[in-house]
Amino acid sequence: MDFLRPDTLAEALALKSQRPDAVPIAGGTDVMVELNFDHRRPAALLDLTRVPELREHSTENGVVRIGAGVPYVRIIEELGGALPGLAMASRTVGSPQIRNRGTVGGNLGAASPAGDTHPVLLAAGATVEVASARGVRFIPATEFYLGVKRNALEPDELITAVHVPATRAPQQFSKVGTRNAMVIAVCSFAVALHPGEQRVGAAVGSAAPTPRRATEAEEFLSGELTATDQWESPKPLLDSVKRRFGELVAQAASPIDDVRGSAAYRKHALSVLARRTLGWAWQDYTGKAA
Ligand SMILES: Cc1cc2nc3c(=O)[nH]c(=O)nc-3n(C[C@H](O)[C@H](O)[C@H](O)COP(=O)(O)OP(=O)(O)OC[C@H]3O[C@@H](n4cnc5c(N)ncnc54)[C@H](O)[C@@H]3O)c2cc1C
């Protein structure tokens, strides 16, 4: 197996264009598991850990650009204020060791339906930046996930960053697992309030072939909040509104029965997660607005 070690992004992109079969490796927390279990035997590995451009983050015009190689621990410590939902999801990933190594670019590269950052990125309205020797493309998160562990990358492309709007508005993420840490989500859910646009973002994970937005739930809740003037003068949400939101979130999912949970359980759990997280986010919003 060839081991390619670029020192710059330009070098990494040139190598990926010469060797589209080379498997990128960032934190290695997915790739090394696949190698260890002999699920994958690539002809070449493209080590991205020396590429400084991938380890930076910056904020411009209210949008945070997170380099693909920024590990979860830094998202939690350095970006928790601007990106509360992503930090919350990052805190639930694996263990301290995994959060030290694992990256948001790796989560996107793996494109597992159960990846914890995906619902948050969808709810927040994120855009994935990808690049090749041919140039740079920006792919809305909604168009990035194509199928189980399949994403919109071309063979010569690398994920360079993800762009997420910074916010002071409440965001929540919650996942169900068989224990409190070190679990792959049985299902997960993220909600993001966008008061400036009078809009709600909502997305499910581990409950369909790809992570996906719950658009009917988003439209229902955004409409309710706008019609009752709640963005300006928030009041406690009616239980009927939270319940309907939960039902619509569950309807957005098309889960399967597997070792981690049944489809019926996932749908039920999602409706509960959606009601709860909305309750927390709205309580936070009501507190901030008061
Ligand atoms: C014990 C354990 C616990 C875990 N717990 C969780 C969890 O709770 N939640 C969760 O979501 N995940 C979990 N994971 C999975 C993994 O940690 C995450 O998916 C992590 O984000 C992967 O990041 P990485 O940098 O280690 O990726 P890598 O393993 O380096 O790469 C992952 C995939 O992305 C590709 N890739 C990496 N960087 C790029 C790039 N810049 N451009 C293009 N492709 C790229 C690789 O080729 C590979 O296909 C766990 C893994 C382990 C081993």
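The structure contained in this document is the topic of the report that follows. (Residues numbered from 1 in each chain as written. Predicted model: local features only at pLDDT ≥ 70, side-chain atom pairs only at ≥ 80, totals over all residues. Heavy atoms only, no water.)

## Brief notes about the sheet that holds strand β2 (residues 23-25)
Within a beta sheet, neighbouring strands are joined by backbone hydrogen bonds and run either parallel or antiparallel to one another.
Here's step 1: Within the open sheet, the three strands sit side by side as β1-β3-β2. Their pairing is parallel. What marks the edges here is a single partner per strand, and that holds for β1 (2-4) and β2. Strand-to-strand twist in this sheet, taken as the mean axis angle between neighbours without regard to direction, amounts to 25°.
Here's step 2: Across three bridges, the pairing between β2 and strand β3 (residues 44-47) is parallel. Across the sheet, Val 23 pairs through a bridge with Leu 45, a residue of β3. (Pairing = 2+ DSSP bridges. Helix = DSSP H or I, 4+ residues; strand = E, 2+ residues; numbered from the N terminus. Axes fitted to C-alpha atoms, helices over the stretch in contact; angles between N-to-C directions.)

## Side note on the layout of surface pockets
Here's step 1: A volume near 180 Å³ is recorded for the second largest pocket.
Here's step 2: Lining the second largest pocket, in full, are Ala 26, Gly 27, Leu 48, Thr 49, Leu 54, Arg 55, Gly 69, Pro 71, Asn 100, Arg 101 and Thr 103.
Here's step 3: Tallied by class, the residues present in the lining of the second largest pocket amount to four nonpolar, five polar and two charged. (1 Å grid on protein atoms, 1.4 Å probe; cavity = no way out; pocket = protein on both sides within 12 Å on 5 of 7 lines; lining within 4 Å. Points joined across faces, edges and corners; volume = space filled by probe spheres on them. Nonpolar A, V, L, I, M, F, W, Y, C, P; charged D, E, K, R; others polar.)

## Some thoughts on empty space enclosed by the protein
Here's step 1: Under the counting rule described, the total for this entry stands at one cavity of 30 Å³ or more.
Here's step 2: When its volume is computed, the largest cavity comes out at roughly 30 Å³.
Here's step 3: Residue lining of the largest cavity: Gly 85, Val 120, Ala 123, Ala 124, Gln 171, Gln 172, Ala 190, Val 191 and Ala 192, and that is the complete set.
Here's step 4: Going through the elements one at a time, α7 (117-124), β11 (171-176) and β12 (187-194) are the ones with two or more residues in the lining of the largest cavity.
Here's step 5: Split by residue class, the lining of the largest cavity holds six nonpolar, three polar and no charged.
Here's step 6: Two domains each donate at least three residues to the lining of the largest cavity, and these are domain 1 (54-165) and domain 2 (171-286). (Domains from an automatic or database assignment.)

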